[in-house]
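# Observations on the model geometry
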Amino acid sequence: MKERREPCLSPLALKILEERYLLRDKERHVIETPYDMYRRVAETMGGQEKAPAEQKEWTERFLEGLLNLEWSPASPCLMNAGTPLQQLSACFVLDIEDSMESIFTTLKDAALIYKTGGGVGFHFGKLRERGALVSTTKGYSSGTVAWLKVYDTAVEAIAQGGKRRGAALGVLPVHHPDILSWIKAKAIDREITNFNLSVAITDEFIRAVDRDEYFTLSSPLGHSVRQIPARELWNELCYQAWSTGEPGLFFIDRANRDNPNPHFGRIYGGNPCSEFLAVPYSSCNLASINLEKHLRKLNGGWEFDWEKFRTTIHTVVRFLDNMIDANVLPLPKLQEMALATRPIGLGFMGLARVLKALELGYHTGEGRSFAQSMASFLRQEAEAASRALAGERGVYPAWSGSLWEKKGVRLRHSNLLSIAPTGTIATLTNTSWSLEPEFAPVYQRRILGGKVFWEMDPQLEEKLKELDLDTPELRQELEKKGSIQEIKGIPQEIKNVFVYSLDIKPADHLKMQAVIQEYVDGAISKTINLPASATVAEVAKAYRLAYDLGLKGCTVYRQGTRLDQVLSLTKTK
Ligand code: UDP
């Protein structure tokens, strides 16, 4: 064993780890340091190697990367690896069949998942609509929104005992007869707070909107219920998204064209942040590479270290493969599915930091071109690593009949890339969230428990110091404006590179998502930020562009439309 070396963590990262990640004894005293936590994680996955020498070698390799903050598995792995719980997955996808039995079985299944720190996406589309006949009682069905409320209340209660907020997503297909109530559900009932809502949009629906046609709403029981003008539904959907940020859109036909396991059924939806789209009872282990730690100094500037990136990708794919076998899922059905399909969700964080270091604007063609090269490299190497593991350990058991078999690619994993939001792990590794631009030059961050931290973009701080521009007055201005674009005295070449979330046009947010999606077999969690002044038409335009660019989903957020915003410019009450 090499000598103990505590990772170099920020005060905020230390606080988060102490409050929620480090193990505690019965009296709730913290009994490990961050080094111990990373060693516990590395040993758990290293321990899956065959021979003792390999176990030792891989444990040290995993540990090295983790301590250097070069990558990180998602939160459940950090929390649970090497503990009696040993549930390591962040993402789960469940389905609800149209029976009382299934409604409550799925809810129980979800309860077991939430207890272990996972997030769950639910498909409500098989439930009969409100008012449909219930043959055994001759009564009428309460419909999907009523069941959504039951689920939301349950998630609230269960999450109180857990370490994470219980993230939940509900998906309803656009042709379900309850669709209008679904879209408005959260605006009408403010007590639904744990679920995010999504609508599965079909190509057929988009065609009907384009042609200004009527669109048929049909019951899951098989008959059509009524016809409505497709545009009316689309406008309502965009209005609600403008007003509350929901529903998000899920492009179901696009997702199914990429379904790696069509022989296991259809994809109806994904996990709460929608980076993992899969057939029901799938789950996924996530890890994200910190791109910022793959920069190296060059002539006073920075360059991206592709060789180091390659090595990290191969290490993390092996780590994730081992994680599938080390994992203990709370239901036999989940465990069987995970072992048969072996999905992994490799992603990244710190893209915005790397773009700034390389002096490329996030919103520019050059910025996108770097992101595209990075994503293409990530895909190519992740596939190479999975192929190599298939050679060493075998293709995933359900490979026969899969999309990969059709393509003639022998892989160890049915899903390779999923770009997760990295909401906590990017903070732990002190970088920017996944592919998101940074929120603002100065902002406040609320963490679980309501505590507020003020932060400044460290790269901007350095730059301003270098130019002798860092004054209290300027900081105040930055805090107020959320942008450097209108500030006099800051040179234009800095303004071109230091662009923040609201400086970037929705179309440029989407284009960044699209160039990356091209190489991602799974999906991407990304928020398209809009200023408070954005109109409904702008939301509609963003949603439509997302579809045209071939994205698998889209989430918009207009500033100030939610009270629980994590990052903000001014103090929230
Ligand atoms: N997730 C969850 N609760 C949370 C945040 C996330 O269950 O409070 C799940 C959700 O399925 C999400 C996935 O974890 O899609 C990854 O989220 P993120 O990358 O933000 O997690 P991190 O590993 O940074 O904590």
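Treat the numbers as computed from the prediction; the structure is a model and nothing was measured. (Residues numbered from 1 in each chain as written. Predicted model: local features only at pLDDT ≥ 70, side-chain atom pairs only at ≥ 80, totals over all residues. Heavy atoms only, no water.)

## Some thoughts on the layout of surface pockets
- Its volume calculated, the second largest pocket comes out at about 780 Å³.
- What lines the second largest pocket is a set of 28 residues, among which E292, W302, A357, Q459 and E462 lie closest to the centre.
- When residues in the lining of the second largest pocket are grouped by element, the largest group, five residues, is from helix 17 (residues 458-466).
- By residue class, the composition of the lining of the second largest pocket is eleven nonpolar, seven polar and ten charged.
- Counting only domains with at least three residues in the lining of the second largest pocket, you end up with domain 1 (11-86 + 282-424) and domain 3 (436-522 + 536-568). (1 Å grid on protein atoms, 1.4 Å probe; cavity = no way out; pocket = protein on both sides within 12 Å on 5 of 7 lines; lining within 4 Å. Points joined across faces, edges and corners; volume = space filled by probe spheres on them. Helix = DSSP H or I, 4+ residues; strand = E, 2+ residues; numbered from the N terminus. Nonpolar A, V, L, I, M, F, W, Y, C, P; charged D, E, K, R; others polar. Domains from an automatic or database assignment.)

## Some remarks on the packing of aromatic side chains
- Considering all chains together, one arrives at 23 aromatic pairs under this definition.
- Pairing F62 with W71 gives two aromatic rings, centres 6.4 Å apart and planes at 85°, and the pair type is edge-to-face. The residues F62 and W71 share a single accessibility class, namely buried.
- The interplanar angle of 70° and the centroid separation of 4.7 Å between the aromatic rings of W71 and F319 together place this pair among those described as edge-to-face. (Phe/Tyr/Trp six-rings, centres within 6.5 Å; stacked < 30°, edge-to-face > 60°. Buried < 20%, exposed > 50% of the residue type's maximum accessible area, 1.4 Å probe, protein only.)

## Re the packing of helix 5 (residues 100-115) against helix 6 (residues 143-159)
- Two numbers describe how helix 5 lies on helix 6: the axes approach to 10 Å, and their chain directions differ by 25°. In this view, helix 5 runs roughly parallel relative to helix 6, as classed from their interaxial angle. Between helix 5 and helix 6 lies a crossing of right-handed hand. For the pair helix 5 and helix 6, the contacting residues are M100, S102, I103, F104, T106, L107, A111, Y114 and K115 in the first and W147, V150, Y151, A154, V155 and I158 in the second.
- Considered class by class, the residues forming the contact of helix 5 with helix 6 number twelve nonpolar, two polar and one charged. (Axes fitted to C-alpha atoms, helices over the stretch in contact; angles between N-to-C directions. Parallel < 35°, antiparallel > 145°, perpendicular 65-115°, else oblique. Left-handed = near helix turned anticlockwise from the far one by under 90°. Contact = heavy atoms within 4.5 Å.)

## Here's the deal with a nonpolar patch on the surface
- The grouping of M100, F104 and V150 at the surface amounts to a nonpolar patch, some 270 Å² of accessible area in total.
- Turning to its location among the elements, F104 is positioned in helix 5. (Patch = residues over 30% accessible without salt bridge, like charges linked within 9 Å, V, L, I, M, F, W, Y side chains within 5 Å. Areas by Shrake-Rupley, 256 points an atom, 1.4 Å probe, with all protein chains shown as cover. Salt bridge = Lys/Arg side-chain N within 4 Å of Asp/Glu carboxyl O.)

## Regarding the site of the ligand
- Not every one of the 19 residues close to the ligand is listed here, only the nearest: S75, R164, N271, T422 and G423.
- Between the ligand and the protein, one listed contact pairs an oxygen atom with a backbone N or O atom of A90 at 3.3 Å.
- Notes on the ligand: free accessible area 520 Å², of which the protein chains cover 93%.
- Of the residues that constitute the shell around the ligand, the class distribution is nine nonpolar, seven polar and three charged.
- When residues of the shell around the ligand are sorted by domain, at least three fall in each of domain 1 (11-86 + 282-424) and domain 2 (105-259). (Near = heavy atom within 4 Å. Polar contact = N/O pair within 3.5 Å; in protein donor to acceptor, adjacent residues only side chain to side chain.)

## Looking at the environment of R207
- Within the secondary structure layout, R207 lies in helix 8 (residues 203-210).
- Exposure remark for R207: the relative accessible area of 41% places this residue in the partly exposed category.
- Separated by 119 residues in the primary sequence, R207 and A326 have C-alpha atoms spaced 46 Å apart.

## Looking at the sheet that holds strand 17 (residues 442-446)
- The strand order 18-17-21 describes an open sheet built from three strands, whose pairing is antiparallel. One side of each edge strand has no neighbouring strand; the edge strands of this open sheet are strand 18 (452-456) and strand 21 (567-568).
- When strand 17 meets strand 21, the two strands line up antiparallel, connected through two bridges. Note on strand 21: the bridge partner recorded for R445 is L567. (Pairing = 2+ DSSP bridges.)

## Focus: the pairing of strand 2 (residues 91-95)
- Counting buried residues along strand 2, five of its five residues qualify, which places the element largely inside the surrounding structure.
- Every second residue of strand 2 is oriented toward a common face, with C91, V93 and D95 on one face and F92 and L94 on the other, all of them buried.
- Pairing of strand 2 with strand 3 (residues 119-123), which is carried by five bridges, proceeds in the parallel orientation. Bridge assignment links F92 to a residue of strand 3, and that residue is V120.
- This β-α-β element, strand 2 to helix 5 to strand 3, shows right-handed connectivity.
- Relative to strand 13 (residues 282-290), strand 2 is paired through three bridges, and the arrangement is antiparallel. When the bridges of strand 13 are listed, V93 appears paired with S282. (Right-handed = clockwise from strand over helix to strand, strands pointing away.)

## Brief notes about the domain arrangement of the protein chain
- Partitioning the protein chain into structural domains gives domain 1 (11-86 + 282-424), domain 2 (105-259) and domain 3 (436-522 + 536-568).
- Centre-to-centre separation of domain 2 and domain 3, based on C-alpha positions: 30 Å.
- Contact with domain 2, which involves 24 residues of that partner, is made by 19 residues of domain 3.
- Together domain 2 and domain 3 conceal approximately 1900 Å² of surface at their shared face, both sides included; 58% is due to carbon and sulfur atoms.
- When residues of domain 2 are sorted by the area they lose upon contact with domain 3, W242, F251 and R254 head the list and together hold 32% of the total.
- Taken together, domain 2 and domain 3 are joined by two salt bridges.
- Here R544 makes a salt bridge to D210, at a shortest N to O gap of 2.5 Å.
- Inspection of the domain 2/domain 3 interface yields eight residue pairs in polar contact (both at pLDDT 80 or more).
- Those elements that place two or more of their residues in the side of domain 2 that touches domain 3 are helix 8, helix 9 (230-244), strand 10 (248-251) and helix 10 (252-257).
- When grouped by side-chain class, the residues that make up the side of domain 2 that touches domain 3 number twelve nonpolar, five polar and seven charged. (Buried area = accessible area lost by both parts, 1.4 Å probe.)

## Examining the pattern of salt bridges
- As enumerated under the stated definition, the model contains 48 salt bridges in all.
- When the shortest N-O distance is used, the salt bridge between D321 and R412 registers 3.2 Å. Of the two residues, D321 is situated in helix 11 (residues 306-326) and R412 in the loop between helix 15 (403-407) and helix 16 (425-428); the sequence distance between them amounts to 91 residues. This pair shows no difference in class: D321 is buried, exactly as R412 is.
- The shortest N-O distance in the salt bridge between E383 and R387 comes to 3.9 Å. With a gap of four residues between them, E383 and R387 both fall in helix 14 (residues 365-393), about one helical turn apart.
- Its relative accessible area of 15% is what places E383 among the buried residues.
- Residue classification places R387 among the partly exposed residues on the basis of a relative accessible area of 42%.
- Through salt bridges with shared partners, a single ionic network connects E49, R318, D321, D325, R342, E392, R393 and R412.

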